[in-house]
Amino acid sequence: MKREALRVTSTIPVAPTTLYFAWIDSDHHSSMTSATAKIEPTVGAKYSALNGYVTGKLVILDLGRRIVEAPLVDGRIDLGMLGAAFEQATAGGRPVAYLLCSPHNPTGTVHTRDELTAVATLADEVGVTVIADEIHAPLVLEGATFTPYLSVAGAENAFSLMSASKGWNLAGMKAAVVIAGRAAAADLARLPEEVSHGPSHLGVLSHTAALREGREWLDDLLIGLAANRTLLGRLLGEHLPRVGWMPPEATYLAWLDCSALALDDPADPGIRGLVTSTGGAVGAFLERSRVALSAGPAFGTGGEGHVRLNFATSSEILTEAVTRMGRVSSGEPSGAR
Ligand SMILES: Cc1ncc(COP(=O)(O)O)c(C=O)c1O
């Protein structure tokens with residue numbers, strides 16, 4: 001029998017991240033199509049969509065890359081989770097990179113030397129390349145010690161990414177460095193030349209000035225952030241006692257578990273990868289208290305019911321923000337201006 005091929009194309013007017021997660025996640029797919037979908041985010045796995053009208057197997061995405069998550073457990077790296085993720089990711093025999101956020105955004109966890117050594121051992125066993133994003137390293141607060149990933153045993157074939165952009169608030173002046181472990185220098189040399197074209201001249205100058213001349217400024221900043229961390233703990237206890245949090249060991253970010261407030265909106269679960277999405281708790285705080293936070297679901301599995309609060313501000317603004325958030329959660333008028 002003669003066969004014909006039919007190619008249908010269509011433009012879906014949403015952000016790429018929205019489409020990506022609708023592609024690989026049952027809930028996101030269902031909320032986009034308003035029909036039941038069942039999708040397992042594994043290449044080759046069966047999927048069904050539109051109440052079973054469409055079925056098939058998930059083929060590899062065009063980019064040839066996919067995300068396998070290894071969520072933290074109680075804020076710490078979990079070797080079981082990580083091992084399972086490595087196993088799943090390496091199953092097809094393709095090269096795998098583990099993006100390790102150290103210190104961690106959004107939880108503010110500072111991984112210990114023992115934890116990082118265990119990661120290096122595990123990655124080495126299965127041939128995974130570790131890329132440690134250490135952009136928050138200058139922001140380790142009193143009480144914690146930062147361990148550079150490349151300094152741990154077994155990390156010779158890894159990479160570290162560093163920048164002054166977080167510590168000195170230079171995000172508008174782009175610059176960063178990538179540092180290769182001793183055994184990864186050849187891989188670094190193979191990066192296309194254009195990769196080095198990103199930083200602007202002003203970016204390079206400002207980052208150099210920050211790293212060379214800005215140590216005392218950073219020391220003062222860290223004292224202020226540690227004080228704000230203490231203040232935030234007090235304010236949460238007073239105004240949002242049902243919100244769970246673990247004081248961060250680093251960063252100016254607080255990861256707040258608001259699930260007990262039941263502010264999530266099942267019709268708008270938020271969008272993975274998009275911190276400015278407005279569903280759920282983050283939408284409730286924005287609309288009712290005019291306090292802008294980052295959406296928990298943006299950070300992947302485990303982000304449901306959470307928001308991320310930036311406490312790099314004055315004690316007055318922090319107090320005002322948490323006070324207003326408290327009124328929202330208690331159902332009182334927020335008094336927002
Ligand atoms: C862990 C981490 N890496 C990288 C970035 C990107 O930094 P930049 O804005 O300097 O490009 C961010 C920004 O939020 C971050 O938190």
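Since the model is a prediction, treat every value here as computed from it, not as a measurement.

(A) Local environment of the sheet that holds strand β9 (residues 294-295). Ordered in space as β8-β10-β9, the three strands form an open sheet in which the pairing is antiparallel. Strands at the two margins of the open sheet, each flanked by one partner only, are β8 (253-257) and β9. Inspection of the sheet shows β9 paired to strand β10 (residues 306-310) by two bridges, in the antiparallel sense. From the neighbouring strand, alanine 295 faces β10, where its bridge partner is valine 307.

(B) Up close: the environment of alanine 227. For alanine 227, the position within the fold is in helix α7 (residues 215-239). Looking at alanine 227, the number of C-beta atoms within 10 Å reads 13, which means it is partly exposed. Separated by 104 residues in sequence, alanine 227 and alanine 123 place their C-alpha atoms 37 Å apart.

(C) Local environment of the nonpolar core. Judged by nonpolar contacts, the single largest core of 35 residues is most densely connected at Ala254, Leu256, Phe285, Val307, Val322 and Met325. If you list the elements that add at least two residues to this core, you get α7, β8, α8 (280-289), β10 and α9 (315-330). Counting contributing residues, this core receives three or more from each of domain 2 (79-210) and domain 3 (215-330). What valine 307 contacts, discounting residues up to four positions off in sequence, is Leu256, Cys258, Ala281, Val282, Phe285, Leu293, Ser294, Ala295 and Gly296.

(D) Main features of the site of the ligand. Close contacts around the ligand come from Cys101, Asn105, Asp133, Ile135, His136, Ser163, Ser165 and Ala171, and that covers them all. Partitioning the shell around the ligand into residue classes produces three nonpolar, four polar and one charged.

(E) Broad picture of the pairing of strand β6 (residues 159-162). For strand β5 (residues 129-133) and β6, the ladder comprises three bridges, and the chain directions are parallel. Bridge pairing in β6 places isoleucine 131 opposite phenylalanine 159.

(F) The arrangement of unusual backbone geometry in detail. Of the consecutive residues serine 102 and proline 103, the connecting peptide bond is found in the cis state with omega at -5°. Note on placement: proline 103 falls in the loop between β4 (97-101) and α4 (113-126). With an omega of 20°, the peptide bond running from asparagine 105 to proline 106 counts as cis. By the element assignment, proline 106 lies in the loop between β4 and α4. Not every positive phi belongs to a glycine, and asparagine 51 is a case in point at roughly 55°. Mapped onto the elements, asparagine 51 comes out in the loop between β2 (46-49) and β3 (54-57). Given 12 C-beta atoms within 10 Å, asparagine 51 falls into the exposed group. Backbone geometry places threonine 251, a non-glycine residue, at a positive phi of 75°.

(G) Representation of the domain arrangement of the protein chain within the structure. Per the domain assignment, the segments making up the protein chain are domain 1 (16-57), domain 2 (79-210) and domain 3 (215-330). Measuring from the centre of the C-alpha atoms in domain 2 to the corresponding centre in domain 3 gives 25 Å. Contacts between the two partners involve 16 residues from domain 2, matched on the other side by 14 residues from domain 3. Split into classes, the residues belonging to the side of domain 2 that touches domain 3 amount to eight nonpolar, seven polar and one charged.

(H) Broad picture of the sheet that holds β2. The strand order across the open sheet built from three strands is β1-β2-β3, with neighbouring strands paired in antiparallel fashion. What marks the edges here is a single partner per strand, and that holds for β1 (38-39) and β3. Direction of pairing for β1 relative to β2: antiparallel, over a ladder of two bridges. From the neighbouring strand, lysine 38 faces β2, where its bridge partner is serine 48.

(I) Summary view of the packing of helix α3 (residues 79-90) against α4. Running from N to C, α3 and α4 cross one another at 20°; their axes reach a closest spacing of 11 Å. Overall, the two elements α3 and α4 adopt an arrangement that is roughly parallel. Relative to α4, the crossing made by α3 is right-handed. Residue-level inspection shows Leu79, Leu82, Gly83, Phe86 and Thr90 of α3 in contact with α4, the latter providing Ala118, Val119, Leu122 and Val126.

(J) Structural context of the environment of tryptophan 217. Relative to the helices and strands, tryptophan 217 resides in helix α7. A count of 12 C-beta atoms within 10 Å places tryptophan 217 in the exposed class. Once the C-alpha coordinates of tryptophan 217 and glycine 167 are considered, the two residues, 50 residues apart in sequence, prove to be 9.8 Å apart.

Rules behind the numbers
- Sequence order as written defines the numbering, with residues in each chain counted from 1.
- The model is predicted, so local features are restricted to residues of pLDDT at least 70 and side-chain atom pairs to those at 80 or more, both for listing and for counting; the totals for chains, interfaces and linings are taken over all residues.
- Strands qualify as paired when DSSP identifies two bridges or more between them.
- Secondary structure follows DSSP: runs of H or I at least 4 residues long count as helices, runs of E at least 2 residues long count as strands, and numbering of each begins at the N terminus.
- Neighbour counting defines burial: a residue surrounded by 20 or more other C-beta atoms within 10 Å of its own C-beta is buried, one with 12 or fewer is exposed, and intermediate counts give partly exposed, using backbone-placed C-beta atoms.
- We define a nonpolar core as a collection of buried residues of the types Ala, Val, Leu, Ile, Met, Phe, Trp, Tyr and Cys that are connected via C-beta atoms lying within 7 Å of each other.
- For the domain bounds, the source is a domain assignment made automatically or taken from a database.
- Two residues form a contact once the distance between their C-beta atoms, set from the backbone, is within 7 Å.
- For each residue, a C-beta position is placed from the backbone atoms; the residue is near a molecule or strand when that point lies within 6 Å of it.
- Three residue categories are used. Nonpolar comprises Ala, Val, Leu, Ile, Met, Phe, Trp, Tyr, Cys and Pro, charged comprises Asp, Glu, Lys and Arg, and polar comprises the others, including Gly.
- Axis lines are fitted to C-alpha atoms, over the contacting stretch for helices. Their N-to-C directions set the angle, which ranges from 0 to 180 degrees.
- Throughout, the term roughly parallel applies to angles under 35 degrees, roughly antiparallel to angles over 145, roughly perpendicular to angles from 65 to 115, and oblique to all others.
- Each crossing gets its handedness from the near helix: less than a right angle anticlockwise from the far helix is left-handed, clockwise is right-handed.

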